[in-house]
Each structure stands twice: as structure tokens, then as C-alpha cells.
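# Residue-level structure breakdown
Residue strings, one per chain:
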Amino acid sequence: QIIEERNKALTECETLRNENVKTEGMLNCAISDLEQERRNNEQLKSENHVTITKSKSLEEELAAALEKMRCLTEESSGEMEEQNGRSKTIANEECKARVDELESTLEQERENHRDTKNQLQRVKMEA
């Protein structure tokens with residue numbers, strides 16, 4: 001009977017050892033997943049920083065273009081020779097087109113920034 005109980009205990013130990021090996025494998029997978037999530041999180045933070053920097057740069061460029069357009073508008077509002085007036089109108093139109101383009105790009109960058117921010121929030125919530 002003692003041998004039988006010993007064999008039963010050995011079988012239980014072997015079963016527990018096998019379960020521990022499986023559990024350890026699952027924990028290693030979970031750790032690996034968490035490490036990957038952390039790397040993804042760092043990448044998103046980096047991309048977010050780049051987006052913010054781009055947005056600031058575009059805002060500055062937009063402000064400069066708006067100021068230039070304001071100056072051109074003021075200059076062209078005075079009485080000028082017809083040729084001079086035409087060239088300023090063309091420059092003003094080009095400036096307006098550039099402002100529109102910059103505003104569109106800035107809006108796109110803001111959307112990218114929001115998307116990246118939302119993605120970062122999702123990663124944080126999942127982690």
C-alpha cells in the first residue's frame with residue numbers, strides 16, 4: 001500500500017510538474033506579448049512626437065504665409081500701376097493657394113496626431 005501511495009504521489013508530482021511547465025510557457029508568452037506592446041507603445045510615442053513637431057512647424061509656416069498674404073493685400077489695396085497690381089494679384093493668389101494647402105496639411109497632421117493619440121490610448125488600455 002505504501003508503494004501504491006508513493007506511486008500515486010509521484011504521478012501527482014509529475015502531473016503538477018507538467019502543469020508548471022505549461023504555465024511557465026504561457027507566462028513567457030504573456031511576458032513576450034507585454035514586451036512587444038511596450039515596444040509598440042514607445043514607437044507610437046515617437047511617432048506622436050514627430051507629428052507634434054510637424055504640426056508646430058506647419059503652424060509657423062502657415063502664420064508666416066498669412067502674414068505675407070496680409071502684407072500683399074495691404075500693398076495691393078493702394079493705388080498701383082496696372083501691371084504692378086496684376087503681379088501682386090498673382091502673388092496674392094499664389095499665397096492664398098499656399099495658405100489653403102498649408103491649412104489642409106495642418107488639418108491632416110492634426111488628424112494623424114489624434115489617430116496616433118487614440119492608438120496610444122488603446123495600447124495603454126490593452127496593456
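All of these numbers come straight from a predicted model, not from anything done at the bench. Numbering of residues begins from 1 in every chain and follows the order in which that chain's sequence is written. Local features in this predicted model are restricted to residues whose pLDDT is 70 or higher, and side-chain atom pairs enter the listing and the counts only when it is 80 or higher, whereas totals over whole chains, interfaces and linings include all residues. Side-chain metrics rest on all non-hydrogen atoms present in the structure, leaving aside hydrogens and water.

### What about the overall build of the chain?
Where we set the bar: Starting at the N terminus, helices and strands are each numbered in turn, a helix being any DSSP run of H or I of at least four residues and a strand any DSSP run of E of at least two. In what follows, a contact means two residues having at least one pair of non-hydrogen atoms within 4.5 Å. Each accessible area value is a Shrake-Rupley result obtained with a 1.4 Å probe; residue values ignore everything except the protein chains displayed when judging cover.
Of the regular secondary structure elements, the chain holds two helices and zero strands. Put simply, of all contacts in the chain between residues at least 6 apart along the chain, 80% involve residues at least 24 apart. Summed over its atoms, the accessible surface of the chain is roughly 10,200 Å², and 51% of this surface lies on carbon and sulfur atoms.

### Structural notes on the nonpolar core
The cut-off we apply is this: Working definition of a nonpolar core: buried Ala, Val, Leu, Ile, Met, Phe, Trp, Tyr and Cys residues. They are joined through side-chain atoms within 4.5 Å. Using a 1.4 Å probe on the protein chains alone, a residue whose accessible area is under 20% of its type maximum counts as buried, one over 50% counts as exposed, and one in between counts as partly exposed.
Core analysis: the largest hydrophobic core is formed by six residues, namely Leu58, Leu62, Ala65, Val99, Leu102 and Leu106. Of all the secondary structure elements, the ones that give two or more residues to this core are helix H1 (2-77) and helix H2 (82-126). If we ignore the near neighbours within four places in the chain, the residues touching leucine 102 are Leu58, Glu61, Leu62 and Ala65.

### Concerning the pattern of salt bridges
Rules: When a carboxyl oxygen of Asp or Glu lies within 4 Å of a side-chain nitrogen of Lys or Arg, that pair is called a salt bridge.
A full pass over the atoms with the stated rule returns seven salt bridges. The salt bridge involving glutamate 14 is made with arginine 17; its shortest N-O contact spans 2.6 Å. Of this pair, glutamate 14 and arginine 17 both sit in helix H1, separated by three residues, roughly a single helical turn. Among the residues examined, arginine 17 registers a relative accessible area of 48% and is labelled partly exposed.

### What to know about the side chain of threonine 116
In this structure, threonine 116 sits in helix H2. Residues within four places of threonine 116 in sequence aside, it is in contact with Leu44, Glu47 and Asn48.

### Concerning the environment of glutamate 111
Its location among the elements puts glutamate 111 in helix H2. The class of glutamate 111 is partly exposed, set by a relative accessible area of 35%. Sequence separation between glutamate 111 and threonine 51 is 60 residues, and the spatial gap between their C-alpha atoms is 9.7 Å.

### Remarks on the side chain of asparagine 41
Looking at where asparagine 41 falls in the secondary structure, it is placed in helix H1. Apart from the residues lying within four places of it in its own chain, the contact partners of asparagine 41 are Leu120, Val123 and Lys124.

### A closer look at the state of the cysteines
How we decide: Criterion for a disulfide: a pair of cysteine sulfur atoms at a distance within 2.5 Å.
Taken as a whole and assessed by the stated rule, the structure comprises zero disulfides. Between cysteine 71, a free cysteine, and cysteine 95, which holds the nearest cysteine sulfur, the sulfur-to-sulfur gap is 9.4 Å. What makes cysteine 71 partly exposed here is its relative accessible area of 28%.

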